[in-house]
Structures are given as C-alpha cells and as structure tokens.
Amino acid sequence: MSIRILLIDDHPLFRKGVAQLVRADDELELAGETSDGAGGLALAAELDPDLILIDLNMKSMNGIETLRQLKAAGTRARCVMLTVSDDERDVLDAMKAGADGYLLKDMEPEELCARIKQSVGGNVVLDASVAGLLAHALNAPPAASHSDLTEREREILGLLADGRSNKEIARVLGISDATVKVHIKHLLRKLNMKSRLEAAVWALQNPQFRQMMAG
C-alpha cells in the first residue's frame with residue numbers, strides 16, 4: 001500500500017515538482033495538494049493522509065499555525081515541515097507545535113523520499129543543519145528535569161533519543177505499542193514538553209541524562 005501524502009505549499013512550481021517526485025516512486029502517492037493552511041485542514045479531514053508536508057511561510061495562515069490546528073483536530077498523519085527557513089526560532093516553534101520533522105527544500109529529491117518513508121515509519125526526521133540548531137538551542141532548558149521520570153519512562157526517552165519508533169520501542173522493551181504511547185504521554189507531561197521531537201533532542205543534549213543512561 002502506498003504512503004498517501006498531502007502537500008500544503010503556496011508555491012505552484014514547488015508543488016508541481018513534489019508531485020512529479022512522488023509519482024516517480026511506487027511507494028508514494030500524492031493524495032492531495034493545496035496552497036494554504038485552511039485548505040490543508042479541510043483536505044486533511046477529508047483525505048486522512050499518512051503524512052502531511054507543510055510549508056512554513058504562507059499567506060493567511062502560516063505553517064506553524066496550520067500545524068497547531070492539525071494537531072488540535074486530532075490528525076493521525078505525520079506532520080513534517082518542508083521549508084527554506086533554517087532559522088532557529090522557526091525550528092523551535094515547529095517543534096513545540098508538535099512537528100514530526102523539519103526538512104529543508106534544498107535537499108536532494110531522493111533524500112526527501114527516503115525521509116518521508118522514515119517519518120511514516122515513526123521516526124523523527126531532521127535536516128542535518130536543523131539538528132545542529134536544535135542541539136544548540138536546547139542545550140540547557142531550565143524547565144525540564146528527568147528526576148521525576150520512572151525507570152521505564154527513562155528507558156523510553158533514551159530510545160526516543162536514538163530515533164526509535166513506537167513499534168521499535170515496544171519490541172525492544174517487550175511491551176505493547178499502546179503502552180509505549182501512554183509512557184510517552186506521561187514523560188512529556190513531566191518534562192513540560194509538547195512533542196517527542198522536543199524530548200528526543202533534549203535527551204540528546206542533556207549530559208546528566210546521557211550519563212545516567214550510559215551507566
């Protein structure tokens with residue numbers, strides 16, 4: 001079964017390019033496309049895609065607000081930002097709004113297809129330069145502490161930091177996918193974070209946590 005993609009981007013030529021790229025890959029299918037956030041919300045509800053690619057800078061409703069509303073509406077789709085902006089504030093805003101990844105438009109076409117497949121598999125997908133920005137920005141978040149996490153929550157956070165999907169975490173720990181989701185929900189609440197991406201990057205950049213997991 002093909003991975004069904006919804007593209008939200010206000011540049012017609014870029015949408016055409018992505019459409020051609022998707023059609024050339026037997027594992028991908030362009031379920032729909034639109035030029036604005038409002039249209040994206042409507043199509044997401046109608047089409048129920050597997051993954052939504054969202055541009056950042058759009059008229060009327062920008063990508064971050066579109067992402068927030070998609071998450072608030074309970075979309076099951078993976079939501080990945082695909083933009084030209086590598087500004088640290090944009091990356092952090094997207095992450096805090098619940099993005100499942102952040103990719104830049106100048107990446108190679110084959111790499112974009114590969115990242116789409118990785119995201120649908122449950123992995124966090126980040127452009128290499130974006131990962132560096134997040135590492136710098138989240139080096140020492142004052143509100144987060146791992147001291148209140150249970151041993152199981154710490155194990156899961158460590159696996160999130162390794163880029164593992166829920167299914168992979170469940171297999172490693174010998175528990176169900178549903179149980180993994182519950183633990184992730186609890187650890188995000190305790191860390192005062194909104195997304196698994198934020199938690200994963202924080203765990204990677206927190207020396208005390210990494211030392212504890214290594215021990």
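Just above sits the structure.
Note that the coordinates shown come from a computational prediction; the quantities given were computed from them, not determined experimentally. (Residues numbered from 1 in each chain as written. Predicted model: local features only at pLDDT ≥ 70, side-chain atom pairs only at ≥ 80, totals over all residues. Heavy atoms only, no water.)

Chemist: Help me out: how do you make sense of the sheet that holds strand E3 (residues 51–54) in this one?
Modeler: Strand order across the open sheet formed by 6 strands is E2-E1-E3-E4-E5-E6, with parallel pairing between neighbours. In the strand order of this sheet, the two ends are held by strand E2 (28–34) and strand E6 (125–126), each with one partner. Bridging between strand E4 (residues 78–83) and strand E5 (residues 101–104) involves 4 bridges; their strand directions are parallel. Each residue of the ladder has a partner; that of Val80, found in E5, is Gly101. Strand contacts of helix H1 (residues 12–23): strand E1 (3–8), E2 and E4, with the helix running at about 160 degrees to E2, the strand carrying the most contacts. (Pairing = 2+ DSSP bridges. Helix = DSSP H or I, 4+ residues; strand = E, 2+ residues; numbered from the N terminus. Contact = heavy atoms within 4.5 Å. Axes fitted to C-alpha atoms, helices over the stretch in contact; angles between N-to-C directions.)

Chemist: Please explain the packing of aromatic side chains as it appears in this structure.
Modeler: What describes a pair of aromatic rings is the distance from one ring centre to the other and the angle between the planes of the rings. Scanning all chains against the criterion turns up 0 aromatic pairs. Directly above the aromatic system of Phe14 lies the positively charged group of Lys105, at a separation of 4.2 Å from the ring centroid. (Phe/Tyr/Trp six-rings, centres within 6.5 Å; stacked < 30°, edge-to-face > 60°. Lys NZ or Arg CZ within 6 Å of the ring centre and 35° of its normal.)

Chemist: Explain the packing of helix H2 (residues 37–47) against helix H3 (residues 63–72) to me, please; I cannot follow it from the model alone.
Modeler: When two helices pack together, their arrangement is captured by the angle between the axes and the distance separating the axes. Two numbers describe how H2 lies on H3: the axes approach to 9 Å, and their chain directions differ by 25 degrees. Classified by the interaxial angle, the pair formed by H2 and H3 is roughly parallel. Read as a crossing pair, H2 and H3 show a hand that is right-handed. In this structure, H2 uses Gly37, Gly40, Leu41 and Ala44 to contact H3, whose residues at the interface are Thr66, Gln69 and Leu70. (Parallel < 35°, antiparallel > 145°, perpendicular 65-115°, else oblique. Left-handed = near helix turned anticlockwise from the far one by under 90°.)

Chemist: I'm lost on the pattern of salt bridges in this one. Help?
Modeler: One side chain can pair with another of opposite charge once the charged atoms of both are near each other. Applying the stated rule across the entire model yields 13 salt bridges. Its salt-bridge partner being Asp25, residue Lys117 comes within 2.9 Å of it at the nearest N-O pair. Remark: Asp25 occurs in the loop between H1 and E2 and Lys117 occurs in helix H5 (residues 109–120); sequence separation between them is 92 residues. You can call Asp25 buried: its relative accessible area is 15%. The salt bridge partner of Glu27 is Lys117, with a shortest N-O separation of 3.5 Å. With a gap of 90 residues between them, Glu27 in the loop between H1 and E2 and Lys117 in helix H5 connect regions that are remote in the sequence. Glu27 sits in the partly exposed class, given a relative accessible area of 46%. In this structure Lys117 comes out as partly exposed when scored by relative accessible area, which is 27%. It is possible to trace a salt-bridge network through shared partners that takes in Asp9, Asp55 and Lys105. (Salt bridge = Lys/Arg side-chain N within 4 Å of Asp/Glu carboxyl O. Buried < 20%, exposed > 50% of the residue type's maximum accessible area, 1.4 Å probe, protein only.)

Chemist: I'm lost on a negative patch on the surface in this one. Help?
Modeler: Together, Asp86, Asp106, Glu108 and Glu110 make up a negatively charged patch on the protein surface. With respect to the helices and strands, the residue Glu110 is situated in helix H5. (Patch = residues over 30% accessible without salt bridge, like charges linked within 9 Å, V, L, I, M, F, W, Y side chains within 5 Å. Areas by Shrake-Rupley, 256 points an atom, 1.4 Å probe, with all protein chains shown as cover. Lys, Arg positive; Asp, Glu negative; His and termini not counted. Charge placed at Lys NZ, Arg CZ, Asp CG, Glu CD.)

Chemist: What should I look at first to understand helix H10 (residues 196–205) in this one?
Modeler: Residues spaced three or four apart along an α-helix point in a common direction, a consequence of the helix completing one turn every 3.6 residues. The buried fraction of H10 amounts to 8 of the 10 residues, a majority that puts the element mostly inside the structure. Within H10, the full set of buried residues consists of Arg196, Leu197, Glu198, Ala199, Ala200, Val201, Trp202 and Ala203.

Chemist: Quick question: what am I supposed to make of the nonpolar core here?
Modeler: Proteins that are soluble and globular tend to have nonpolar side chains buried together. Residues Ile8, Ile52, Ile54, Leu67, Leu70, Met81 and Tyr102 are the most contacted members of the largest nonpolar core, which totals 27 residues. Secondary structure elements with two or more residues in this core: E1, H2, E3, H3, E4, helix H4 (88–96), E5 and H10. Looking at this core element by element, the count peaks at 4 residues for H4. Excluding residues within four positions of it along the chain, Ile54 makes contact with Ile8, Gly63, Thr66, Leu67, Leu70, Cys79, Val80, Met81 and Leu82. Within the second largest apolar cluster, 20 residues are counted, among which are Leu149, Ile169, Val180 and Ala200. (Core = buried A, V, L, I, M, F, W, Y, C linked by side-chain atoms within 4.5 Å.)

Chemist: Would you explain the pairing of E4 in this entry?
Modeler: On a regular strand, each side chain points to the face opposite its neighbour's, so the side chains alternate between the two faces of the sheet. Burial runs high along E4: 6 of the 6 residues are buried. Neither face of E4 is open: one carries Arg78, Val80 and Leu82, the other Cys79, Met81 and Thr83, and all of them are buried. Two elements, E3 and E4, share 4 bridges in a ladder whose sense is parallel. When the bridges of E4 are listed, Ile54 appears paired with Met81. Once you follow E3 into H3 and on to E4, the crossover reads as right-handed. Each parallel crossover has a hand, and for E4 linked through H4 to E5 it is right-handed. (Right-handed = clockwise from strand over helix to strand, strands pointing away.)

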